[in-house]
Structures are given as structure tokens and as C-alpha cells.
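Each chain is listed here by its residues.
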Amino acid sequence: MEREWLFSLIPLTIGMLSLGFGVYGLRQAAVLRRRGVTAEARIVRHDVERDDGITHHHPVAAWTARDGRTYECSSRFGRGTVGSGFRVGAHVVVRYDPDNPHRFAIEGWDMKGLDQLFTVLGSILTVGTVTVLLVRLLTL
């Protein structure tokens, strides 16, 4: 195998990872659509991440589930700015899985579009790289 073939592992790896993240997010969203229940919640704080000079705010929602337990979970999505509807103390609606309440989404904050973007880009990179590799193998 020539060294040039090793460079094809870069887009293939990126594509497969993106596809995996996207499909995982879309499956989680599908579970919430099927089995999820809604609850009134309150934003109690923001978990702040700083990465390479970029700040991401992840709202932490607190709610009481149907079984009477109180949950406090951080959104998996972070944004650079926080609108007034998601500031600390704001009342929001969450959709959570009653079997696993830590699997939840804040309505209006969590973005299904990002999971779709990862899925599409991952598919394009993966299929494109595999196609190029197959054409190269067949034309040797």
C-alpha cells in the first residue's frame, strides 16, 4: 500500500465520526419524540466552557418528573450568547425520557438541525472517500 492511501484515512475518519455523532443525536431526538413527556422547568445556572477563546453557555434546567424526583441537567448544546428566554431563573419547557430523565431537551434551545448537519456531512465524507478508494482499487 502506498503512502498516499494513508491520507484517505483522514476524511474517512472525520466522516465516520461526524456520521456517528449525527445519528446518535437524531436517535436521541426520536426517542424523545416517541416516549418523551414534557415538564415545566427553570434555568438554574449555566455551565460555561471556554475553548480556544470561545465561550459556550450550556443552560442547566431543573424540573420535577412524574415520579416526584427532581432532576437538574445541563443541555448538551452550548451557545455563545444566551437570550432572555434562557437566562438564569427563566421558565422553560423540557421534554425528557421517563425511563432516563437525564436524556432531555430544552424546547427552543436544543437544535435538531445540528445533528442533521453532522449526519449529512458525515455521510458525504464517508461515501465520497469510500467511492474514491474503490475506484482507485478497481483501476490499479
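Residue positions are given per chain, counting from 1 as you read along its sequence in written order. Whole-chain, interface and lining totals are the exception, using all residues; otherwise, since this is a predicted model, local features are given only for residues with pLDDT of at least 70 and side-chain atom pairs are given and counted only at 80 or more. Hydrogens are left out, water is left out, and the side-chain values use all remaining heavy atoms of the structure.

Caption draft 1: Spotlight on the overall build of the protein. For the protein, the count of helices and strands is three helices and five strands. Elements are defined by DSSP. Helices are runs of H or I of four residues or more, strands are runs of E of two residues or more, and each kind is numbered from the N terminus. Its helices and strands taken in sequence order, the protein reads α-α-β-β-β-β-β-α from the N to the C terminus. The reference for a compact globule is 2.2 Å times residues^0.38; the radius of gyration itself is calculated from the C-alpha atoms. Taken against the 2.2 N^0.38 rule, which gives 14 Å for 140 residues, the C-alpha radius of gyration of the protein at 20 Å runs more than 25% over that of a compact globule. The principal-axis extent of the C-alpha atoms belonging to the protein is close to 65 × 35 × 20 Å. Here the protein holds 140 residues, and the buried ones make up 34% of them. In what follows, a contact means two residues having at least one pair of non-hydrogen atoms within 4.5 Å. Once local pairs closer than 6 in sequence are excluded, the contacts in the protein between residues at least 24 apart make up 62%. Entry remark: accessible area of the protein is about 9200 Å², with carbon and sulfur atoms responsible for 60%. Across the protein, 17 positive and 14 negative side-chain charges occur, with their mean positions spaced 5 Å apart. Buried residues are those whose accessible area, probed at 1.4 Å on protein chains only, stays under 20% of the maximum for their type, while exposed residues exceed 50% and partly exposed ones sit between those limits. Using the Shrake-Rupley algorithm and a 1.4 Å probe, accessible areas are obtained, with residue cover drawn only from the displayed protein chains. By the counting rule applied here, Lys and Arg register as positive and Asp and Glu as negative, while His and the ends of each chain are not counted. Note that the charge is assigned to NZ on lysines, CZ on arginines, CG on aspartates and CD on glutamates.

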